[in-house]
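Descriptive structure summary
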Amino acid sequence: MSSEGAYVYIMSSHSRCLYIGVTSDLAGRVWEHKNGAHEGFTKKYKIHHLVYHETFPDIVSAIAREKQLKGWTRAKKIALIEKMNPGWDDLPLAHFQ
């Protein structure tokens, strides 16, 4: 794991289909989503935009937060995204590389 800790992130498609994940390498994981590196939900539904992320000191904390967010209603997830990213912009990754 990187010295920067771990991340919980939310990816979105153009139609705002959401995916919540956890990783210790945010730039690498987002690259995988954007380039369809793995078969599955995000590739099938073209979920390529990083719209939200949080940083944690360790993977255990990040996994706990991921589980919490996955239990939220869609409306609550959208409110969280729009608080940080009201335009649903594809967030830059320069800070994480």
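Chains are numbered independently. Their residues run from 1 in the order of the written sequence. Local features in this predicted model are restricted to residues whose pLDDT is 70 or higher, and side-chain atom pairs enter the listing and the counts only when it is 80 or higher, whereas totals over whole chains, interfaces and linings include all residues. Think of the side-chain values as coming from all heavy atoms in the structure, minus any hydrogens and water.

**Section: the packing of aromatic side chains**
The pairing test for Phe, Tyr and Trp rings, Trp by its six-membered ring, is centres within 6.5 Å, and the orientation test on the planes gives stacked under 30 degrees, edge-to-face over 60, and tilted for anything in between. Following the criterion strictly, the structure yields two aromatic pairs and no others. Judged by centre distance (6.2 Å) and plane angle (45°), the rings of Tyr9 and Tyr19 are tilted. Of the two residues, Tyr9 sits in strand E1 (residues 6-12) while Tyr19 sits in strand E2 (residues 18-23), which places them ten residues apart along the sequence. Residues Phe41 and Tyr45 carry aromatic rings whose centres are separated by 4.9 Å and whose planes lie at 45° to one another, so their mutual orientation is tilted. In this structure Tyr45 comes out as partly exposed when scored by relative accessible area, which is 40%. Numbering of helices and strands starts at the N terminus; helices are DSSP runs of H or I of at least 4 residues and strands are runs of E of at least 2. Buried residues are those whose accessible area, probed at 1.4 Å on protein chains only, stays under 20% of the maximum for their type, while exposed residues exceed 50% and partly exposed ones sit between those limits.

**So, the pairing of E1**
Burial within E1 is extensive, with seven of its seven residues counted as buried. The alternating pattern of E1 places Ala6, Val8, Ile10 and Ser12 and Tyr7, Tyr9 and Met11 on opposite faces, both of which are buried. In this scheme, strands are said to pair when DSSP sees at least two bridges between them. Alignment of E1 against strand E3 (residues 49-56), held across seven bridges, turns out to be antiparallel. By the bridge assignment for E3, Val8 is matched with Glu54. Pairing between E1 and E2: six bridges, direction antiparallel. Within the sheet, the bridge partner assigned to Val8 lies in E2 and is Val22. If you look at the hairpin formed by E1 and E2, you'll find five residues sitting between the two strands, and Arg16 has a positive phi there, around 70°.

**Focus: the pattern of salt bridges**
A pairing counts as a salt bridge when a side-chain nitrogen of Lys or Arg comes within 4 Å of a carboxyl oxygen of Asp or Glu. The tally for this structure, following the rule as stated, stands at six salt bridges. The partner of Arg16 in a salt bridge is Glu82, with the nearest N and O atoms 3.8 Å apart. Linking Arg16 in the loop between E1 and E2 with Glu82 in helix H4 (residues 74-84), this pair joins segments that are 66 residues apart in sequence. By relative accessible area, which is 34% here, Arg16 ends up partly exposed. Between Glu39 and Lys43 there is a salt bridge, with its nearest N and O atoms 2.8 Å apart.

**Here we look at the nonpolar core**
Side-chain atoms within 4.5 Å are what join buried Ala, Val, Leu, Ile, Met, Phe, Trp, Tyr and Cys residues into a set we call a nonpolar core. If you look at the biggest cluster of nonpolar residues, it comprises 14 residues, and the most contacted ones within it are Val8, Ile10, Leu69 and Ile81. Counting only elements with at least two residues in this core, the list comes to E1, E2, E3, helix H3 (59-70) and H4. Leu26, Val30, Ile47 and Leu50 belong to the second-largest nonpolar core, a separate cluster that totals nine residues.

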